[in-house]
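The chain contents come next:
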Amino acid sequence: MSGRRTRIRPAVEQELGLLLATGPFEAALRAAIKARGLGLERIRYRLLSRGSSLSVATLSHWQSGRCRPERPDSLRALANLEEILDLPPTSLSRLLRRP
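Let us look at the structure shown here. Sequence positions are assigned chain by chain, starting from 1 and proceeding in written order. Local features are withheld for residues below a pLDDT of 70 in this predicted model, meaning they are given only at 70 or higher, and side-chain atom pairs are given and counted only at 80 or more; totals for whole chains, interfaces and linings count all residues. Side-chain metrics in this entry use all non-hydrogen atoms of the structure; hydrogen atoms and water are not considered.

### Let's talk about the pattern of salt bridges
Rules: Every case where a carboxyl oxygen of Asp or Glu lies within 4 Å of a side-chain nitrogen of Lys or Arg is listed as a salt bridge. By definition, any uninterrupted DSSP run of H or I lasting at least four residues is a helix, any uninterrupted run of E lasting at least two residues is a strand, and each is numbered from the N terminus. Accessibility here uses a 1.4 Å probe with only protein chains present; expressed as a share of the type maximum, an area under 20% marks a residue as buried, one over 50% as exposed, and anything in between as partly exposed.
The final tally for this structure, using the stated rule, is four salt bridges. The closest approach of N and O atoms between Arg50 and Glu83, which form a salt bridge, is 3.4 Å. On the criterion of sequence distance, the pair formed by Arg50 in the loop between helix 3 (40–49) and helix 4 (56–64) and Glu83 in helix 5 (residues 72–84) is long-range, its members being 33 residues apart. On the basis of relative accessibility, which here comes to 32%, the residue Arg50 falls in the partly exposed class. Overall, Glu83 belongs to the partly exposed group, its relative accessible area being 35%. Asp73 is paired through a salt bridge with Arg71; the nearest N and O atoms lie 3.4 Å apart.

Below you can see the structure in the form of structure tokens.
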């Protein structure tokens, strides 16, 4: 985890926890991004600093449900994204295995 935890209102944290437990992936990702207050461009920059190159459009497509991470490099980026969003490891990636 990043070490800097953003203060999140309890109701938002509860909703995020529920979405991380039940999905769907895109709703959980959207809630995590909103809860942390990061813009997609900022997330893209932080991913780049960890060696993952994703476009803002790809991040937008993931959170809208237009597409999901499937390729090995996208799944590595997703692991970095979980860290950036201060989420438990595999919390988003395990939602990909659900229909």
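Okay, back to it.
### Section: the nonpolar core
The line we're drawing: Residues belong to a common nonpolar core when they are buried Ala, Val, Leu, Ile, Met, Phe, Trp, Tyr or Cys residues joined through side-chain atoms within 4.5 Å.
Grouped together as the largest cluster of nonpolar side chains are 27 residues, with contacts concentrated most on Ile43, Leu81, Leu85 and Leu92. Sorting the residues of this core by element identifies helix 1 (10–22), helix 2 (25–36), helix 3, helix 4 and helix 5 as the ones contributing at least two each. Considering each element in turn, this core owes the most residues, eight residues, to helix 2.

### Here's the deal with helix 2
Spelled out, the test is: Given the number of residues in a helix, its expected span is that number minus one, multiplied by 1.5 Å. In what follows, a contact means two residues having at least one pair of non-hydrogen atoms within 4.5 Å.
Taking 1.5 Å of rise per residue, 12 residues should cover 16 Å, and helix 2 covers 17 Å from first to last C-alpha, within 8% of that figure. In terms of burial, helix 2 is a largely internal element, nine of the 12 residues being buried. Listing the buried residues of helix 2 in full gives Phe25, Ala27, Ala28, Leu29, Ala31, Ala32, Ile33, Ala35 and Arg36. On its buried face, helix 2 is in contact with helix 1, helix 3, helix 4 and helix 5. Just past helix 2, the residue Gly37 takes up positive phi, approximately 70 degrees.

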